[in-house]
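For reference, the chains in residue letters:
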Amino acid sequence: MGVLPVPAEVRAILLDIEGTTTPIAFVQETLFPYIKDNVKEYLRAHWEEEECQRDVGLLRKQAQEDSSLDGAVPIPLESGSGEEELERVIQAVVDNVHWQMSMDRKTTALKQLQGHMWRAAYATGLVKGEIFEDVVPAIRKWREAGMKVYIYSSGSIEAQKLLFGYSTEGDILELFDGHFDTKIGPKVESESYRRIAASIGCATNNILFLTDIPREANAAEEADTHVAVVIRPGNAGLTDDEKSYYSLISSFTELFLPSST
Ligand SMILES: CSCCC(=O)C(=O)COP(=O)(O)O
Ligand SMILES: [Mg+2]
């Protein structure tokens, strides 16, 4: 097992979810198929609700922005009433969601709808958020050492809270000082990390960001945030250059805090 000393100026640890706290397989093989299998039925059941209409509005706006992309699926406005017209629009939303998911897009519009859909899956016990076994004990230790701990995921804040609120380790939301999603900006843009630091009330170099994705690590580093790339079973492989450039950990227990005994 390696040891990665945490720089003394670090006051907060910012965690990615998929591939960092949580197996990619859980997201790709449990959470995402639930959306694909249930989106049509969900839209039919919730169509008249304000939240659902807001989600559809966001998806429609995103579809307009995506109109020049290969295979993009537009979402028409409902023109008139009737079952057939409603089914036509719902089918367009379903096709749009499937198209976005086929490319694992991280748009806020898609992530908002997914977060709302997962509510029922978690609340009924159909799904429990999977977390690597080193995560909870390590976070408890960091917090005892005075470290703040935040989540930054492309999954919506609501989806994050469901995953950790209904996790295999129980409700562990108390372990986090706050949550960020793509509403603060995409994870591959350095400005997002400056906004997160401003929101936490610290400098970017007071933060250590743990992620499985080198592009995200690169964006954070450009903003002067400390980074380590996390290697977990099922994560995409790294190039030799990435392996030699980034600090790497395969378990949260490998982080060594200056105040750790
Ligand atoms: C937090 S819920 C499911 C995860 C998700 O939708 C996603 O896109 C994961 O992205 P991450 O930024 O956590 O790698
Ligand atoms: Mg990730």
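Residues numbered from 1 in each chain as written. Chains lettered and ligands numbered in written order. Predicted model: local features only at pLDDT ≥ 70, side-chain atom pairs only at ≥ 80, totals over all residues. Heavy atoms only, no water.

A.B. asks: So what about helix H8 (residues 214–222)? Which residues, and what values?
C.D. replies: Where H8 is concerned, the buried positions are Pro214, Glu216, Ala217, Ala219 and Ala220. Backbone geometry just downstream of H8 places Asp224 in the positive-phi region, at approximately 75 degrees. (Buried < 20%, exposed > 50% of the residue type's maximum accessible area, 1.4 Å probe, protein only. Helix = DSSP H or I, 4+ residues; strand = E, 2+ residues; numbered from the N terminus.)

A.B. asks: Describe the UniProt feature "binding site: substrate" (unreviewed entry) in the chain, and please don't skip the residues or the numbers.
C.D. replies: UniProt records the feature "binding site: substrate" (unreviewed entry) for Ser153, Ser154 and Lys187 in the present numbering. Look at the named residues: they lie 35 residues apart in sequence, but the longest C-alpha span between them is just 7.7 Å, so in the fold they bunch up. Examined against the element boundaries, Ser153 turns out to sit in the loop between strand S3 (148–152) and helix H6 (157–165). For Ser153, the residues in contact, after removing those within four places along its chain, are Ile17, Gln160, Phe180, Asp181, Thr182 and Lys187. Of note is the side chain of Ser153, whose polar atom sits 2.9 Å from the backbone nitrogen of Gly155. Along the chain, the position of Lys187 falls in the loop between strand S4 (178–180) and helix H7 (190–200). Assessed through its relative accessible area of 4%, Lys187 is described here as buried. With residues up to four places along the chain from it excluded, the contact list for Lys187 reads Asp16, Tyr152, Ser153, Ser154, Tyr193, Phe209, Glu216 and Ala219. In terms of polar contacts, Lys187 uses its side chain to reach the side chain of Asp16, at 2.5 Å. (UniProt positions renumbered as here; feature names shortened; annotations may be inferred. Contact = heavy atoms within 4.5 Å. Polar contact = N/O pair within 3.5 Å; in protein donor to acceptor, adjacent residues only side chain to side chain.)

A.B. asks: So, the environment of Asp181: which residues are in play, and what are the values?
C.D. replies: Locating Asp181 in the fold gives a position in the loop between S4 and H7. In this structure the C-alpha to C-alpha distance between Asp181 and Asp70, which are 111 residues apart in sequence, comes to 26 Å. In this view, Asp181 contacts Gln112, Tyr152, Ser153, Gly155, Ser156, Ile157 and Gln160; residues no more than four positions away in its chain are not counted. Looking at Asp181, its side chain comes within polar contact range of the main-chain nitrogen of Ile157, at 2.9 Å.

A.B. asks: Residues and numbers for the domain arrangement of the chain, please.
C.D. replies: Looking at the assigned domains, one finds that the chain contains domain 1 (4–22 + 129–256) and domain 2 (28–124). Using C-alpha coordinates to define each centre, domain 1 is positioned 28 Å away from domain 2. Counting residues at the interface gives 13 residues for domain 1, matched by 12 residues for domain 2. Together, the buried faces of domain 1 and domain 2 total about 1,100 Å²; carbon and sulfur atoms form 55% of this surface. Together, Glu18, Glu158 and Leu162 form the three largest contributors to the area buried by domain 1 at its contact with domain 2, with a combined 36%. Inspection of the domain 1/domain 2 interface yields 2 salt bridges. A salt bridge links Lys106 to Glu18, with the nearest nitrogen and oxygen atoms 3.5 Å apart. (Domains from an automatic or database assignment. Buried area = accessible area lost by both parts, 1.4 Å probe. Salt bridge = Lys/Arg side-chain N within 4 Å of Asp/Glu carboxyl O.)

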